[in-house]
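Structural description and commentary
These are the residues of each chain, in order.
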Amino acid sequence: MIANYGYKDGSGEYYISIDTDKCIDCAAERACLTACPKQMFEIIEDDYDDQVAWIKKPNCRTLSYDCADCKPSSGYTTLPCITACTPGAIKHSW
Amino acid sequence: MNAEVNAPTAPEKKEFWRWQESVWVDETKDWKTAKIVTCGIDVGSVSSQAVLVIDGELYGFNSMRTGNNSPDSATNALAGIMDKCGMKQEDIHFVVGTGYGRVNVPFADKAITEIACHARGANYMGGNGVRTILDMGGQDCKAIHCDEKGKVTNFLMNDKCAAGTGRGMEVISDLMQIPIAELGPRSFDVDVEPEAVSSVCVVFAKSEALGLLKAGYTKNKVIAAYCQAMAERVVSLLERIGVEEGFFITGGIAKNPGVVKRIEKLLGIKAMETKVDSQIAGALGAALFGYTLASKKAAAAAA
Amino acid sequence: MITAGIDMGSRSVKVVLLEELDVNGAPQLKYGVKKVHIMMPGDLDQDVSAEKAYDEALAAAGLKREDIAAVFATGAGRGQVAFAKEGVTEMTSGAKGAVFMFPAARTVVDVGAEEGRGMKTDAEGKAIDFAGNEKCAAGAGSFAEAMSRALQMTLKEFGDASLQSDKTIPMNAQCTVFAESEVVSLIHASTPKNDIAKAVLDAVASRVCAMVRRVGIEGEVVLIGGMVHNAGFVSSLKNAMGVDTISLPDMPEYISALGCAMIAAERQH
């Protein structure tokens, strides 16, 4: 399952998508949890009883602000969450 | 404590945004002869539904406006339908809560997200050909892609912004002083189809709508421009998860042809028809999940 | 030489007439005549409002249209000002005006009725970088205005009320429409008005601050635009940005019109 967390508003589209099939048996030992400087990732049990990561609810409405520090204009060339997720489950839409 | 603040009391005025509440029971069935009775409760931000499923088949539902708190709304929704068919709470084997207030359903055996429930409900209502589901709720908008079993394969939910939600439509209905159920039909009663209002934001769309009225647009034409904007917005959400044939719309706005017809036109796909009230999809899905879980439990007990 | 700058905002038209004087051989600028015309939603067409505000400004200064060397327009509706010779962006005019008022200003924050933005400027008042959101009401004055209405307060009272609170209540809703319901539930829960006001202004400030951070905070920080009049917002913004002082011009809503008139003067040389 592809789970998209985020929103679209007047200023643009901001989604972090998580491919839960790649996330279930995490090969990176849940590195996303500590990689994100804002600690936005969390492990939950989803509706199909799988243990997967999601984005904490309040962050889903503020992604454009929350991720601003990691985006290229602030010096990062790669995003910490995407780098940490070696199975490649995490994607950003913007 | 500084508690002298009183909520502004609503003056006696017509509530144009108010939509119809409803109760329905399938009179051809008898729950007393059923093996398993399950219930799904969907406590949304705006509306709450209770759906009864007997032996995996839809039996009845109650749809009403959500009150001040989730537990009461859940209780009232369930009481409404139980009264109608003379059922007591102990007659129900399994209750699943879903929706925004799902963790606050006091008598629920399990809580499941509305994403999974809508997919399951749509799969029942529209059959196993359903692939793309759009749920336009009161305060959010969900785009879901599912497989032939009604299992979610891709989804997104937008609850950050009122644009593209029922709440956004209620704002316009109030602004235009037109009952919400009339918005759709009125939006087609225009000389030429106007362009969509340019503002995505509901707050800005409101000022834009007033400007259009001033510029000589009829109310119907302003409504049409707003419906078009709403359609364009939800279509962009659907495109993110990928649109496939077998398109099903759930939630309150499914009842607004002004938005639905425009979405169909933009996508070039017709939405599937259903005889059942589109607003109950989430609660129905929850009740069906309840049926699966209750069956497993019964099988385990028998073994 | 006299030039005019017209700032066509979403809610109001601001006009500044600027005279360039020659004092002992050194050119000096004198501004002072200003005129504002508030537009209501669905009011007169924007071009009519601009004409009206401009004529009133000229009349107040005892000038005629032919006395003005050049009229430039700025703001979201600058394209509507038919009699303007040129249009400049709000970023260009806002940075120019802010640096004129505060020469050390390098970070300019502009919060008006329907938009909020952050700009980085050089010593000449030239905008180098900016970030803003013009398409969502959440990061602008209208968010605070809608919430003050729910509390049955004016925006000014709302700002003053927030200064009386030291509580930090997070607002969950980002959208203005949803936040209205959230404020109503806070009222129902007997939350003191002061605390609600602070929660709302903190929320706007944090969004504005996030935009400013995208361009970086450096040098003197100046706030322009109508929200300067809201003391509660200024205080919330200071906290959010983590700065001790934010410079506030005395005629904050006219800074863009002033900058615009200055650019008009420069381009006549």
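Residues numbered from 1 in each chain as written. Chains lettered and ligands numbered in written order. Predicted model: local features only at pLDDT ≥ 70, side-chain atom pairs only at ≥ 80, totals over all residues. Heavy atoms only, no water.

The next thing to look at is the sheet that holds strand 7 (residues 132–136) of chain B. The strand order 5(A)-2(A)-1(A)-9(B)-8(B)-7(B)-10(B) describes an open sheet built from seven strands, whose pairing is mixed. Two strands in the sheet have a free side with no partner beyond their single neighbour: strand 5 (90–92) of chain A together with strand 10 (247–250) of chain B. Across this sheet, the average inter-strand angle for adjacent strands is 15 degrees, counted without regard to direction. Of the strand pairs in this sheet, strand 1 (residues 2–9) of chain A and strand 2 (residues 12–19) of chain A are connected by eight bridges, and their pairing is antiparallel. Bridging across to strand 2 of chain A, Ile2(A) finds its partner in Asp19(A). (Pairing = 2+ DSSP bridges. Helix = DSSP H or I, 4+ residues; strand = E, 2+ residues; numbered from the N terminus. Axes fitted to C-alpha atoms, helices over the stretch in contact; angles between N-to-C directions.)

Residues and elements named next belong to chain B. Within the secondary structure, Val46 is located in the loop between strand 2 (37–43) and strand 3 (47–54). A relative accessible area of 10% means that Val46 is categorised as buried. On a C-alpha basis, the gap between Val46 and Ala205 in space is 22 Å, while along the polypeptide they are 159 residues apart. (Buried < 20%, exposed > 50% of the residue type's maximum accessible area, 1.4 Å probe, protein only.)

On to the packing of aromatic side chains. To describe a pair of aromatic rings, one takes the distance between the centres and the angle between the planes. With the rule as written, the count across this model stands at six aromatic pairs over all chains. For the ring pair Tyr5(A) and Trp54(A), a centre distance of 6.3 Å and an interplane angle of 85 degrees mean the geometry is edge-to-face. Taken together, the positions of Tyr5(A) in strand 1 and Trp54(A) in strand 4 (residues 51–55) put the pair 49 residues apart, joining distant regions of the chain. Every member of this aromatic cluster is reached through a ring pair, and the members are Tyr5(A), Trp54(A) and Phe155(B). We note Lys71(A) situated over the ring of Trp94(A); from NZ or CZ to the ring centre the distance is 3.8 Å. (Phe/Tyr/Trp six-rings, centres within 6.5 Å; stacked < 30°, edge-to-face > 60°. Lys NZ or Arg CZ within 6 Å of the ring centre and 35° of its normal.)

Considering all chains together, one arrives at 31 salt bridges over all chains under this definition. Taken together, the shared-partner salt bridges connect Arg78(C), Glu90(C), Asp110(C), Glu115(C) and Arg117(C) into one network. (Salt bridge = Lys/Arg side-chain N within 4 Å of Asp/Glu carboxyl O.)

This paragraph deals with the interface of chain A and chain B. In this assembly, 18 residues from chain A lie in contact with 23 residues from chain B. Of the roughly 1,800 Å² buried between chain A and chain B on both sides combined, carbon and sulfur atoms contribute 49%. Contact with chain B buries area across many residues of chain A, yet Lys8(A), Asp47(A) and Tyr48(A) alone supply 33% of it, more than any other trio. Put simply, chain A and chain B have five salt bridges between them. A salt bridge links Lys57(A) to Asp159(B); the nearest nitrogen and oxygen atoms lie 3.7 Å apart. Taken together, chain A and chain B are joined by 12 residue pairs in polar contact (both at pLDDT 80 or more). (Contact = heavy atoms within 4.5 Å. Buried area = accessible area lost by both parts, 1.4 Å probe. Polar contact = N/O pair within 3.5 Å; in protein donor to acceptor, adjacent residues only side chain to side chain.)

We now examine helix 5 (residues 176–188) of chain C. Residue and element names in this part refer to chain C. Taking 1.5 Å of rise per residue, 13 residues should cover 18 Å, and helix 5 covers 18 Å from first to last C-alpha, within 8% of that figure. Every buried residue of helix 5 is accounted for by Thr176, Val177, Phe178, Ala179, Glu182, Val183, Leu186 and Ile187. Immediately beyond the C-terminal end of helix 5, within one or two residues, lies Ser190, with a positive phi of roughly 60 degrees. (Expected span 1.5 Å × (residues − 1).)

Turning our eyes to something else, we now look at the environment of Asp66(A). All names here are of chain A. Structurally, Asp66 is set in helix 4 (residues 63–66). By relative accessible area, Asp66 is classed as buried at 13%. Each C-alpha atom of the pair Asp66 and Ala27 lies 26 Å from the other, and the pair is 39 residues apart in sequence. Beyond its immediate chain neighbours, meaning those up to four positions away, Asp66 contacts Lys38, Met40 and Asn59.

As a further point, take the sheet that holds strand 5 (residues 94–98) of chain B. Residues and elements named next belong to chain B. Spatial strand order, 1-4-3-2-5-6: six strands in an open sheet with mixed pairing. Among the strands making up the open sheet, the edge pair consists of strand 1 (22–25) and strand 6 (110–111). As defined by bridge partners, strand 5 adjoins strand 6 across two bridges and the pair is classed as parallel. Opposite Val96, over in strand 6, you have Lys110 as the bridge partner. Where helix 8 (residues 281–302) meets the sheet, its contacts fall on strand 2, strand 3, strand 4 (57–65), strand 5 and strand 6, and the angle it forms with strand 2 comes to roughly 145 degrees.

This brings us to helix 6 (residues 193–215) of chain C. All names here are of chain C. In a regular helix each residue adds 1.5 Å, so 23 residues correspond to 33 Å; helix 6 covers 34 Å between its end C-alpha atoms and thus fits that length. For helix 6, the tally of buried residues reaches 18 of 23 residues, placing the bulk of the element in the interior. The positive-phi residue at the C-terminal boundary of helix 6 is Gly216, with phi of around 95 degrees.

In this section: the domain arrangement of chain B. Residue and element names in this part refer to chain B. The domains assigned to chain B are domain 1 (22–125 + 280–302) and domain 2 (131–271). Each of domain 1 and domain 2 has a C-alpha centre, and these two points are 28 Å apart. Counting from both sides, the interface comprises 13 residues of domain 1 and, opposite them, 18 residues of domain 2. Among the residues of domain 1 in contact with domain 2, Ile115, His118 and Ala119 are the three that bury the most area, contributing 42% of the side total. Summed over the shared surface of domain 1 and domain 2, the result is one salt bridge. Where Arg65 meets Glu170, a salt bridge forms, and the shortest distance between an N and an O atom there is 3.6 Å. Summed over the shared surface of domain 1 and domain 2, the number is three residue pairs in polar contact (both at pLDDT 80 or more). A total of nine residues in the side of domain 1 that touches domain 2 trace back to one element, the largest contributor, which is helix 2 (residues 114–126). Among the residues forming the side of domain 1 that touches domain 2, the class breakdown is seven nonpolar, three polar and three charged. (Domains from an automatic or database assignment. Nonpolar A, V, L, I, M, F, W, Y, C, P; charged D, E, K, R; others polar.)

Turning our attention to the side chain of Glu90(C). Residue and element names in this part refer to chain C. Within the secondary structure layout, Glu90 lies in helix 2 (residues 90–101). Among the polar contacts made by the side chain of Glu90, one reaches the side chain of Arg78 at a distance of 3.0 Å. When near neighbours in sequence (up to four residues on either side) are disregarded, Glu90 contacts Thr74, Gly75, Ala76, Arg78, Glu115, Arg117, Met119 and Ser256.

This part covers the domain arrangement of chain C. All names here are of chain C. Its domain assignment divides chain C into domain 1 (2–102 + 253–266) and domain 2 (132–241). Between domain 1 and domain 2, the C-alpha centre-to-centre distance is 29 Å. If you look at the interface, domain 1 gives seven residues, while domain 2 gives eight residues. Interface of domain 1 and domain 2: buried area, both sides summed, is about 600 Å²; carbon and sulfur atoms make up 58% of it. A per-residue breakdown of the area domain 1 buries against domain 2 is headed by Arg11, Phe102 and Glu253, which together make up 65% of the total. Across the domain 1-domain 2 interface, the total number found is zero salt bridges.

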